[in-house]
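# Secondary and tertiary structure notes
Listed below, chain by chain, are the residues.
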Number of protein chains: 6
Amino acid sequence: MATIKPPSDPEKDQKVKAVFDDIRATRGTDFINNVWRYLAFDPDLLAATWAEVKAVMATPSALEPKVKEMIYAAVSISNSCDYCTHSHLAAARSKGMTEAEFADFLRVVSSAGKTNHLLNGLRIPVDAAFLNEEE
Amino acid sequence: MATIKPPSDPEKDQKVKAVFDDIRATRGTDFINNVWRYLAFDPDLLAATWAEVKAVMATPSALEPKVKEMIYAAVSISNSCDYCTHSHLAAARSKGMTEAEFADFLRVVSSAGKTNHLLNGLRIPVDAAFLNEEE
Amino acid sequence: MATIKPPSDPEKDQKVKAVFDDIRATRGTDFINNVWRYLAFDPDLLAATWAEVKAVMATPSALEPKVKEMIYAAVSISNSCDYCTHSHLAAARSKGMTEAEFADFLRVVSSAGKTNHLLNGLRIPVDAAFLNEEE
Amino acid sequence: MATIKPPSDPEKDQKVKAVFDDIRATRGTDFINNVWRYLAFDPDLLAATWAEVKAVMATPSALEPKVKEMIYAAVSISNSCDYCTHSHLAAARSKGMTEAEFADFLRVVSSAGKTNHLLNGLRIPVDAAFLNEEE
Amino acid sequence: MATIKPPSDPEKDQKVKAVFDDIRATRGTDFINNVWRYLAFDPDLLAATWAEVKAVMATPSALEPKVKEMIYAAVSISNSCDYCTHSHLAAARSKGMTEAEFADFLRVVSSAGKTNHLLNGLRIPVDAAFLNEEE
Amino acid sequence: MATIKPPSDPEKDQKVKAVFDDIRATRGTDFINNVWRYLAFDPDLLAATWAEVKAVMATPSALEPKVKEMIYAAVSISNSCDYCTHSHLAAARSKGMTEAEFADFLRVVSSAGKTNHLLNGLRIPVDAAFLNEEE
């Protein structure tokens, strides 16, 4: 189904093994999900992708982890990325998103989708007040 | 610049006036931004749009207002909606988003954009584990 | 503002002149809008683009001209194409779209944008009944 | 496959039952398609979504039902929404779209996709004439 | 799974047979992939689509075939077109794209996805220098 | 116009100055385009963004620089990113893209946009042959 084939024994490659070990240590689980197992077809691409996801999503920062996963999922839904939508909604849940928050998230995401289409159809000029706020 | 012309004296229409009054009361300001002034070209569309935005974004719910605005903005950025991006980032700021949170938001949104393209190119199958979590 | 420069005297080129003459004859107006004047930078691309637009949009077919322009505009809004949104909404109006139809169009386009995001977030399986209908 | 699990006996919930009854009455069929059965996981979200779809798509308005479904499907195709594309093309057929109209629809949607990309690449300024028409 | 049903014996239709013969001759293979077999539901749409793909992708032009397939695949990934992503990445491989080039392609496509989201969020004005270059 | 304000004297910040110096050295020009001058509002985001763009686009790799810029621009056009489309088409030109190659690029990008919409409307199953190729 994928456009690449995952290596059958990825951890034979030392660079892949190091990334997988870091995924397990960072997440505190033995489960390596498909994106990493398939990306092992190119160890450099795997290492660069994991380094970025770890830095952005698994390192303490201004926003709390659950909120970051919800923002990530909102972008993934808008771009119709099947894998990313599933994996980041699962991550949001594992980081504390309740079902009530998920329903609220869906209301916000779908209302944004609605007004985005309305405004892209109306092409209304941006208020100077929004622009002034930045100055 | 828009595909419609805003009415020159919108509040002459009683339905429009009622919506504008409710916007002013809900937000505690006299400022009516362009989207509402242009939407007044069709009072029913104006009333329905405001009713939804008020219910979803200006009514207490499971997620906090600032987070809802950031999720809204994330969708708007992905859909390349110029007006919505400006108005909802301004709203996020007015509801407390700090510059550090905005920089973090940009890191998350852009990393999501990156992996969305990577995964849409690789077409990796969704893990059964993500699907099982829902059952 | 464009990524190309329109030729200053495009009709000096015989292939461009032939296309411009056909646009004027087909539309019954002397007005040549910007997309054609800029595309004249490459006469073959101009001719191929006009041939397709004429065949699809300016030739009698199963759907009426006004409806075709509204479908065209719906796609252009979804793809955030500024020029196409303006030009095809103007074309829909010139082919009879009323303001009431435009407001209805906006309701449909924005509700579709809303449920597209809702369903892309929920990833609900397609009913067998929809698939069976095709068989 | 979905990011949520549909309730096994949704009509036990009175709010869900009321929506399902209204869907059956409005459509004159006992068939409840998946989107409603899954949305029953959150009865308020279900009720709000059905209320909007009913008001926009199942209530007489300026545009005829078949045309509204085709516009809805055009947006859904552009946003790569699998479920929405299937359900609204099925609805367009059930409301009278012929195969000749469907082929014409596909020609319009795909030509729009083509020129949207061409124009988003060329970034040609919108003609003043299109803008003047609105004033 | 598709929204149309492919004809069971498409080459009974002379127009379809002529297109299929040309596909086989142009590509030097007996394999007719699904897009053509399904498009045979409308022989005119089939013929027009093949004529364009042949002219653009299978005719010598300024860019080399492998590069054209990679550009085609980049657009298809961005639009989340499952079929097109698979078929044009397969075509790029058959025209010489190496695995190292594919990994490089993925790096470029995903970094573009990243900065597209960053810039669509920041809405930075285009430099006059880029615009001047065109004049 | 932007959602942030660029610092008035960005190189006062040592981290910003180091990035700007590296941009000038890498490109062999004193010109710093807007994206970097605005990103200076957050020196860490600036440094991380430049590091990635330099590694992916300005470092020798499997694909030639001109081709990488064209792939980058193809994604940017599909995502309707105004700034990215201008900057990466300018970069493609500065790295040798001829006007004939640009016209060919536009033909490929727009045909991809066309068939993406056609296939997203038809939802044709991916051929096993494409999938087998990967195994």
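Residues numbered from 1 in each chain as written. Chains lettered and ligands numbered in written order. Predicted model: local features only at pLDDT ≥ 70, side-chain atom pairs only at ≥ 80, totals over all residues. Heavy atoms only, no water.

For chain A, the name recorded in an unreviewed UniProt entry is Alkylhydroperoxidase, with Pseudothioclava arenosa as its organism.

### Describing the overall build of chain A
Secondary structure summary: chain A contains 7 helices and 0 strands in total. Ordered by position from N to C terminus, the α and β elements of chain A give α-α-α-α-α-α-α. Along the longest, intermediate and shortest principal axes, the C-alpha atoms of chain A span 60 × 35 × 30 Å. Across the 135 residues that make up chain A, the buried fraction comes to 60%. (Helix = DSSP H or I, 4+ residues; strand = E, 2+ residues; numbered from the N terminus. Buried < 20%, exposed > 50% of the residue type's maximum accessible area, 1.4 Å probe, protein only.)

### Here we look at helix H1 (residues 14-27) of chain C
Note that an α-helix has 3.6 residues per turn; residues three or four places apart therefore point the same way. All names here are of chain C. The terminal C-alpha atoms of H1, which comprises 14 residues, lie 20 Å apart, in line with the 20 Å expected from a rise of 1.5 Å per residue. Among the residues of H1, those classed as buried are Val 16, Val 19, Phe 20, Ile 23 and Arg 24. Down the axis of H1, the smallest arc covering the buried residues is 135 degrees, so these residues share one side. Counted as exposed and oriented over 90 degrees from the buried face of H1: Gln 14 and Ala 25. Buried residues in H1 make contact with helix H2 (34-39) and helix H3 (43-57). (Expected span 1.5 Å × (residues − 1). Arc of directions from axis to C-beta. Contact = heavy atoms within 4.5 Å.)

### Remarks on the nonpolar core
Formed by 280 residues in total, the largest nonpolar core has its most connected members in Phe 105 of chain A, Phe 105 of chain B, Phe 105 of chain C, Phe 105 of chain D, Phe 105 of chain E together with Phe 105 of chain F. In contact with Phe 105 of chain F, other than residues within four places in its own chain, are Leu 63 and Ile 71 of chain E together with Met 70, Ala 73, Ala 74, Ile 77 and Leu 89 of chain F. (Core = buried A, V, L, I, M, F, W, Y, C linked by side-chain atoms within 4.5 Å.)

### Description of the interface of chain B and chain A
Contact residues are listed per partner, giving 68 residues for chain B and 68 residues for chain A. When the two sides are added together, the surface that chain B and chain A hide from each other amounts to roughly 6,100 Å², 67% of it contributed by carbon and sulfur. Here chain B is connected to chain A by 2 salt bridges. Ionic pairing is found between Glu 52 of chain B and Lys 114 of chain A, a salt bridge with its closest N-O pair at 2.6 Å. Among the secondary structure elements, those contributing two or more residues to the side of chain B that touches chain A are helix H2 (34-39), helix H3 (43-57), helix H4 (65-78), helix H5 (82-94), helix H6 (99-122) and helix H7 (128-132) of chain B. Looking at the side of chain B that touches chain A, the element that brings in the most residues is H6 of chain B, giving 18 residues. Looking at the side of chain B that touches chain A residue by residue, the class counts come to 39 nonpolar, 17 polar and 12 charged. (Buried area = accessible area lost by both parts, 1.4 Å probe. Salt bridge = Lys/Arg side-chain N within 4 Å of Asp/Glu carboxyl O. Nonpolar A, V, L, I, M, F, W, Y, C, P; charged D, E, K, R; others polar.)

### Some words on the environment of Leu 89 of chain A
Tracing the backbone shows Leu 89 of chain A in helix H5 (residues 82-94). Taking the C-alpha atoms as reference points, Leu 89 of chain A and Ser 76 of chain A, 13 residues apart in sequence, are found 9.8 Å from one another. The residues contacting Leu 89 of chain A, other than those within four sequence positions of it, are Ala 73, Cys 84, Met 97, Phe 102 and Phe 105 of chain A, Gly 121 of chain C together with Thr 3 of chain D.

### Brief notes about the relation of the copies chain E and chain B
Structural alignment of chain E on chain B gives an RMSD of 0.0 Å, achieved by rotating through 180 degrees and translating 0.0 Å along the axis. On the angle and the small slide along the axis, the relation comes out as a two-fold axis. In terms of C-alpha distance to the rotation axis, chain E has Lys 114 of chain E as its closest residue, with the C-alpha 2.1 Å off the axis. Comparing interface residues between copies, 100% of those in chain E also lie at the interface in chain B; the contact surface is shared. (Least-squares fit on C-alpha atoms with pLDDT ≥ 70 in both.)

### Considering the packing of aromatic side chains
Enumeration according to the criterion identifies 30 aromatic pairs over all chains in this entry. Both rings, one in Phe 41 of chain B and one in Phe 102 of chain C, keep their centres 6.3 Å apart while their planes meet at 40 degrees; by these two values the pair is tilted. A residue pair is termed interchain when its members come from two chains, as with Phe 41 of chain B in the loop between H2 and H3 and Phe 102 of chain C in helix H6 (residues 99-122). A residue is classified by how much of its surface remains accessible, and Phe 102 of chain C, at 0% relative accessible area, is buried. (Phe/Tyr/Trp six-rings, centres within 6.5 Å; stacked < 30°, edge-to-face > 60°.)

### Thoughts on the interface of chain E and chain B
Facing 21 residues of chain E, the contacting portion of chain B comprises 21 residues. When chain E packs against chain B, the two sides together hide about 1,800 Å² of surface, and 64% of this comes from carbon and sulfur. It is Lys 114, His 117 and Arg 123 of chain E in chain E that bury the most area against chain B; as a group they hold 33% of the surface buried on that side. Where chain E meets chain B, there are 2 salt bridges. Here chain E and chain B share 4 residue pairs in polar contact (both at pLDDT 80 or more) between them. Mapped onto the side of chain E that touches chain B, the elements with two or more residues apiece are helix H4 (65-78), helix H5 (82-94) and helix H6 (99-122) of chain E. Among the elements that make up the side of chain E that touches chain B, the one with the highest residue count is H6 of chain E (12 residues). Of the residues belonging to the side of chain E that touches chain B, the class tally is 8 nonpolar, 10 polar and 3 charged. (Polar contact = N/O pair within 3.5 Å; in protein donor to acceptor, adjacent residues only side chain to side chain.)

### Observations regarding the domain arrangement of chain A
Residues and elements named next belong to chain A. You can read the domains of chain A as domain 1 (11-59) and domain 2 (62-124). The gap between the C-alpha centroids of domain 1 and domain 2 is 24 Å. Tallying the contact residues gives 6 residues for domain 1 and 5 residues for domain 2. Scanning the region where domain 1 abuts domain 2 turns up 0 salt bridges. Listed by contribution, the elements that provide at least two residues to the side of domain 1 that touches domain 2 are helix H2 (34-39) and helix H3 (43-57). When its residues are assigned to classes, the side of domain 1 that touches domain 2 shows 3 nonpolar, 3 polar and no charged. (Domains from an automatic or database assignment.)

### Section: the confidence of the model for chain A
Note: predicted coordinates in regions of low pLDDT should not be interpreted at a detailed level. Averaged over all residues, the pLDDT of chain A is 95; the fraction at 70 or higher stands at 97%. Predicted confidence in chain A is weakest over helix H7 (residues 128-132) of chain A, with a mean pLDDT of 78, and strongest over helix H4 (residues 65-78) of chain A, with 98. (pLDDT = per-residue confidence, 0-100.)

### Points about the state of the cysteines
All names here are of chain A. Tallying each qualifying case throughout the model produces 6 disulfides over all chains. In this model, Cys 81 is linked to Cys 84 through a disulfide, with the two sulfur atoms separated by 2.3 Å. Of note, the bridge from Cys 81 to Cys 84 carries an S-S torsion of about 50 degrees and is right-handed in sense. With relative accessibility at 1%, the residue Cys 81 sits in the buried group. In this structure Cys 84 comes out as buried when scored by relative accessible area, which is 2%. (Disulfide = S-S within 2.5 Å.)

### Re unusual backbone geometry
Of note in the backbone geometry, Ser 80 of chain B takes a positive phi value of approximately 50 degrees without being a glycine. Assignment of secondary structure puts Ser 80 of chain B in the loop between H4 and H5. In this structure, Arg 123 of chain F takes a positive phi of about 55 degrees despite not being glycine. Tracing the chain through its elements places Arg 123 of chain F in the loop between helix H6 (99-122) and helix H7 (128-132). Classification of Arg 123 of chain F by relative accessible area gives buried; the value is 16%.

### A short note on the side chain of Ser 76 of chain D
Positionally, Ser 76 of chain D belongs in helix H4 (residues 65-78). A polar atom in the side chain of Ser 76 of chain D sits 2.8 Å from the backbone oxygen of Tyr 72 of chain D. Once residues lying within four places of it in the same chain are set aside, the contact partners of Ser 76 of chain D are Asn 116 of chain C together with Cys 81, Cys 84 and Thr 85 of chain D.

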